[in-house]
Amino acid sequence: MDMMVSRWVDVGGLQDVPRRGARVVKTPFGCIAVFRTEADEVFALDDRCPHRGGPLSQGIVHDRSVTCPLHNWVIDLASGEARGTDEGRVATVPLRCEGGRLLLDLALLASRAA
Amino acid sequence: MRATKQRLVVVGNGMAAGRVVEELATKSPGLYDITILGAEQRVNYDRIMLSPVLSGEKAYEDIIIHDDAWYAKHGVTLLKGSSVTAIDRARKLVRSADDQELGYDKLLIATGSSPFVLPVPGAELPEVLTYRDQDDVEKMLQAAARGGHAVVIGGGLLGLEAAAGLKARGMEVTVLHLMPTLMERQLDPSAGYLLERAVEARGIGVITRANTEAILGGGHVSAVRLDDGRELPADLVVMAAGIRPNTGLAKEAGLAVKRGVLVDDHMATDDPNVFAVGECVEHRGVCYGLVAPLYEMAKVLAARLAGDATARYGGMAISTKLKVTGIDLFSAGDFAESEGREEIVLRDPARSVYRRLILEDNRIVGTVLYGDTSDSAWFFQLLKDGRDISELRDTLIFGPAYAGGSPLDPTAAVAALPDEAEICGCNGVCKGTIVAAIAEGGHGSLDAVRAHTKASGSCGSCTGLVEQLLALTLGDGYQRNAVQPICGCTDHDHDEVRRLIVAHDLRSLPAVMQELGWKTSCGCAKCRPALNYYLLATWPGEYVDDSQSRFINERVHANIQKDGTYSVVPRMWGGLTSPTELRAIADVAEKFAIPTVKVTGGQRIDLLGVKKEDLPAVWADLNAAGMVSGHAYGKSLRTVKTCVGTDWCRFGTQDSTGLGVRLERFLWGSWTPHKVKLAVSGCPRNCAEATCKDFGVVCVDSGYELHFAGAAGMHVKGTELLCTVASEAEVLEYCGALLQLYREQGRYLERVYKWAARVGVETVRTQIVEDHERREALLARFVFSQKFSQSDPWAERVQGLDAHEFRPLAQFSLEDVA
Ligand code: SRM
Ligand SMILES: Cc1cc2nc3c(=O)[nH]c(=O)nc-3n(C[C@H](O)[C@H](O)[C@H](O)COP(=O)(O)OP(=O)(O)OC[C@H]3O[C@@H](n4cnc5c(N)ncnc54)[C@H](O)[C@@H]3O)c2cc1C
Ligand code: SF4
Ligand code: FES
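Residues numbered from 1 in each chain as written. Chains lettered and ligands numbered in written order. Predicted model: local features only at pLDDT ≥ 70, side-chain atom pairs only at ≥ 80, totals over all residues. Heavy atoms only, no water.

Facing the 41 residues of chain A at the interface are 46 residues of chain B. Together chain A and chain B conceal approximately 3500 Å² of surface at their shared face, both sides included; 57% is due to carbon and sulfur atoms. Put simply, A:Lys26 and B:Glu613 hold a salt bridge, and the shortest N to O gap is 2.5 Å. Viewed at the interface, chain B and chain A are joined by 13 residue pairs in polar contact (both at pLDDT 80 or more). Where the side of chain A that touches chain B is concerned, the elements lending two or more residues are strand S1 (8-13), strand S2 (21-27), strand S5 (60-62) and helix H1 (106-113) of chain A. (Contact = heavy atoms within 4.5 Å. Buried area = accessible area lost by both parts, 1.4 Å probe. Salt bridge = Lys/Arg side-chain N within 4 Å of Asp/Glu carboxyl O. Polar contact = N/O pair within 3.5 Å; in protein donor to acceptor, adjacent residues only side chain to side chain. Helix = DSSP H or I, 4+ residues; strand = E, 2+ residues; numbered from the N terminus.)

Right, let's get into helix H6 (residues 189-201) of chain B. Residue and element names in this part refer to chain B. If you check H6, its first and last C-alpha atoms are 18 Å apart, about what 13 residues at 1.5 Å a residue would give, namely 18 Å. Within H6, 10 of the 13 residues are buried, which leaves it mostly tucked inside the rest of the structure. Residues of H6 that are buried: Pro189, Ser190, Ala191, Gly192, Tyr193, Leu194, Leu195, Glu196, Ala198 and Val199. Of the residues trailing H6, Gly203 is marked for its positive phi of about 85°. (Expected span 1.5 Å × (residues − 1). Buried < 20%, exposed > 50% of the residue type's maximum accessible area, 1.4 Å probe, protein only.)

On to the site of ligand 1, then. Residues and elements named next belong to chain B. In the region of ligand 1, 20 residues are neighbours, and Gln561, Gly601, Arg604, Lys675 and Lys677 sit closest. Lys693 is positioned such that a nitrogen or oxygen atom in its side chain is 3.3 Å from an oxygen atom of ligand 1. Looking at the shell around ligand 1, the elements with two or more residues in it are strand S34 (637-642) and strand S38 (711-712). Its residues assigned to classes, the shell around ligand 1 comprises 3 nonpolar, 9 polar and 8 charged. (Near = heavy atom within 4 Å. Nonpolar A, V, L, I, M, F, W, Y, C, P; charged D, E, K, R; others polar.)

On to the pattern of salt bridges. All names here are of chain B. As enumerated under the stated definition, the model contains 55 salt bridges over all chains in all. The partner of Asp135 in a salt bridge is Arg42, and the shortest N-O contact between them spans 2.8 Å. Note that Asp135 is positioned in helix H4 (residues 134-145) and Arg42 in the loop between strand S2 (32-37) and strand S3 (44-45), a separation of 93 residues in sequence. Residue class for Asp135 comes out partly exposed when judged on its relative accessible area of 33%. Residue Arg42 is classed as buried on the basis of its relative accessible area of 14%.

Surrounding ligand 3, one finds B:Cys643, B:Cys649, B:Phe651, B:Gly682, B:Cys683, B:Arg685, B:Asn686 and B:Cys687. Of the residues contributing to the shell around ligand 3, the split by class is 5 nonpolar, 2 polar and 1 charged.

Next up on the list: the packing of aromatic side chains. All names here are of chain B. Tallied over the entire structure, the rule returns 13 aromatic pairs over all chains. Judged by centre distance (6.0 Å) and plane angle (75°), the ring pair of Phe330 and Phe380 falls under edge-to-face. Highlighted residues: Phe330 in strand S24 (residues 329-333) and Phe380 in helix H9 (residues 376-385), separated in sequence by 50 residues. Both residues of the pair, Phe330 and Phe380, belong to the buried class. Plain terms: the ring middles of Phe666 and Phe782 are 5.5 Å apart, the flat faces sit at 70° to each other, and that makes the pair edge-to-face. Of this pair, Phe666 sits in helix H20 (residues 656-667) while Phe782 sits in helix H24 (residues 772-789), placing them 116 residues apart in sequence. Grouping residues by exposure puts Phe666 and Phe782 together as buried. Positioned over the ring face of Trp671 is Arg550, at 4.0 Å from the centre of the ring. (Phe/Tyr/Trp six-rings, centres within 6.5 Å; stacked < 30°, edge-to-face > 60°. Lys NZ or Arg CZ within 6 Å of the ring centre and 35° of its normal.)

All names here are of chain B. One non-glycine residue with positive phi stands out, namely Asp361, at about 45°. Within the secondary structure, Asp361 is located in the loop between strand S26 (353-360) and strand S27 (363-370). Positive phi outside glycine occurs at Asp505, with the angle close to 60°. Its location among the elements puts Asp505 in the loop between helix H14 (494-503) and helix H15 (509-515).

Below, the discussion takes up the packing of helix H11 (residues 431-439) of chain B against helix H13 (residues 463-474) of chain B. Residue and element names in this part refer to chain B. Packing of H11 against H13 brings their axes to within 10 Å, and their N-to-C directions diverge by 50°. Compared by their axis directions, H11 and H13 come out oblique. You can see that H11 and H13 cross each other, and the crossing is right-handed. Together, Lys431, Ile434, Val435, Ile438 and Ala439 of H11 and Val466, Leu469, Leu470, Thr473 and Leu474 of H13 make up the contact between the two elements. Looking at the contact of H11 with H13 residue by residue, the class counts come to 8 nonpolar, 1 polar and 1 charged. (Axes fitted to C-alpha atoms, helices over the stretch in contact; angles between N-to-C directions. Parallel < 35°, antiparallel > 145°, perpendicular 65-115°, else oblique. Left-handed = near helix turned anticlockwise from the far one by under 90°.)

Right, here's the structure in full:
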């Protein structure tokens, strides 16, 4: 029985993340990249490219994906999956936007690290 | 079961309250004893029609919803001009401004929201108005009668409607908008760009990225000042910068309030006898600003008050339209793209039409329509119904007229055109002429048709049509020109895009994407940096750099390393340094525990492994010692290597070091298609390796040999000789002119040597050396653009620019998450 209780924590406002950009949330289990698309959708992913660990938060954000700054893999923000011919997947982290605030579920992270 | 009627007291007589009362009074008459307290001295009117009243298309009388007779007929008591100041939930009564108390059994809070007034100096002046009710409209009309300039702060729905109304009343109007495109909440940038053009076409000025700093005037408004120092004359200022839910009453009464008064699906607050509807509420985390959902809430609440326990409000998709005559736009749902989602984009640059549908699992989840909104209702219905559109997919974007029909063959449409139909608007070339040129004249390629008929030779937007005519006339014999598109987002190549940016006077990313028919809505990592450079190079001083379209190194002005840290390379002009600079570098390296300090191949020092958060502090220390960014990260001037020259060297013929420093100070900061490296050697021994640089100078007794188009990277290529000149001033002149030519012609990511090979080394030589006028004009353009690029990006960031780049959004320790 592995029931997990969500732990939503406020990590900042939507405005704090630039459109077509990203910010980093630092946790003891590694950095999380929080993305905001042109259309104000938000996503959170581990800040490590499945290729060679590039910091995805530093890439160029276009439609619902980000191009890794190190070797240009394109990662789908919703699924964490590499697009095109590249193969790999980065873990996604539950993130909600409520009333302009960004809420991240840390429970999953902690359990993953455990 | 009660004998006496329950007393329902309503606070606020706006659109939501009006709808609740109407539903109750007509569907369940006599159930409640209803009293409304409204702060406005008016009956219930249609607030959303204030804009036509302002513009003169309607009168106030036309927009009344319930007149006095209506209240009398339905036995509803309306207290006009009566503001509620307190709610006493324990005693179940409300108190009004004139200290009257009124008891209730059920209470409805429908206080709407208030305009947000920017807290800038001068906001209290008498000619600074908001736009919310009929009183505001009357004040605006009085001001408009005096004429003069109106400045509207806010380019959202309300601001644009106010601007159009004031313009219709004869004022000179300017709209200030903080964001880069208008109505950015409802429209994507492409539609926002078209909207801006349409607004400007009505003679209304639009300034985007405008941050209001102060409203000026002693006693009366005279101007508005922006934070960049610009001042705009103003006799009237309208603030339309957003709204805030009116929650004060509810909060003081101890009800649960976040951004709005919290309600459940039955519109009840946390007190079962107190309800709330309209803009003042927050339902499932959402506050609304449009009437459709508020009316839905009103219906649910009325049903609930009438005893229907099943009525619930579950949130709803909303759509927006702008009520400015002649401007047609519509948006609804969620308009982001992604892999799981597909988008269908239809752009007709000639008619300023833009349509975009966003599909997920074969259902429409969002849509933006501009220019032709005739099918908005149909699309919105498909969206709300969540209908599977697989069968309609091929023709969906064309609307219901084509729904389910056979897919349109674009050539069939061209084939159907009569011979007189004009294909090229710029040069007035009709279909017959083009077909004749192809069939009889034997001109079988786009270039040939262009050269012979001029069709598509000017703005280029009919290129597609001309190609279809070629395909139609020549059948399988026609092979499209092998153009190499920039990326999958477009069919245009780099040169075509550059040409069209100038021909069409395109000044922003959305403008390029709309007018050139981009196939995606916001480009990709390949085309965005290229377009950003082309716009920057074409419109110096005017185009605002889009940092989100830059590769990380140029966005944060340092080079990213494989472990996510950065390297920092300060400029050492012409390779010269000093004890002070070296000391500062040593101090910085120790202070920030920078692991590696290395001499680069470009005659300067690299600090490697700097943590991103430390960058501004590292730069601040380097700035303090007089050092600035070396642009080791940029598609821009990198280094100017020199040798020691006449100052020390026994063979030196000229001051190569001094010239190198002068060149570097002249050229630094300019953005170029690719990186640019220079070197100056003091004699033909060439210790600075000037003959493998983008631009190189070899000093000789009689003067300076100028070289260009060399490189020593993936390909080692010796330079070409440009010419020999006699003075340092000429070196700068020729070098500036040549770089400008490269900036104007080079394709993004094309080094100087590749550009020169493409356009011809001899052509470059002729243009720079022989054509004096051209050289001077090029130099003048270079010098002009340098005025805007020579500010140290490090110092700007030390001052706080883009601070978000260098700070984590949040940080958690082990205890936080345990
Ligand atoms: C630091 C340095 C190596 C060193 O430790 O000496 C260096 C480091 C890099 N070079 Fe270089 N190049 C450095 C001098 C050179 C030189 C020598 C020179 O400039 O005299 C060359 C050959 C000359 C030339 O450019 O023609 C050189 C040819 C390249 C190339 C190949 C360019 C080409 O067109 O073939 C690349 C790749 C590119 O730019 O696309 C490159 C790219 C790079 C990048 C930016 C790789 C990258 O994209 O991340 C490296 C960044 C390191 C960093 O984070 O700082 N580097 N690179 C040198 C910095 C000079 C400076 O002070 O700014
Ligand atoms: C110019 C303009 C154009 C608009 N155009 C559109 C449009 O095209 N489409 C669209 O969907 N929406 C539009 N809207 C928005 C729409 O009008 C609002 O969403 C709607 O009116 C909100 O209804 P409401 O009942 O919540 O608030 P309101 O209609 O604002 O009513 C609230 C009322 O409560 C009163 N009040 C506040 N506090 C108290 C108090 N303490 N005591 C007594 N009374 C109080 C206020 O005076 C006000 O009359 C527009 C709004 C404006 C101003
Ligand atoms: S090559 Fe010329 S300039 Fe360079 S060090 Fe030798 S003599 Fe001096
Ligand atoms: S690390 Fe991301 S592409 Fe290589």
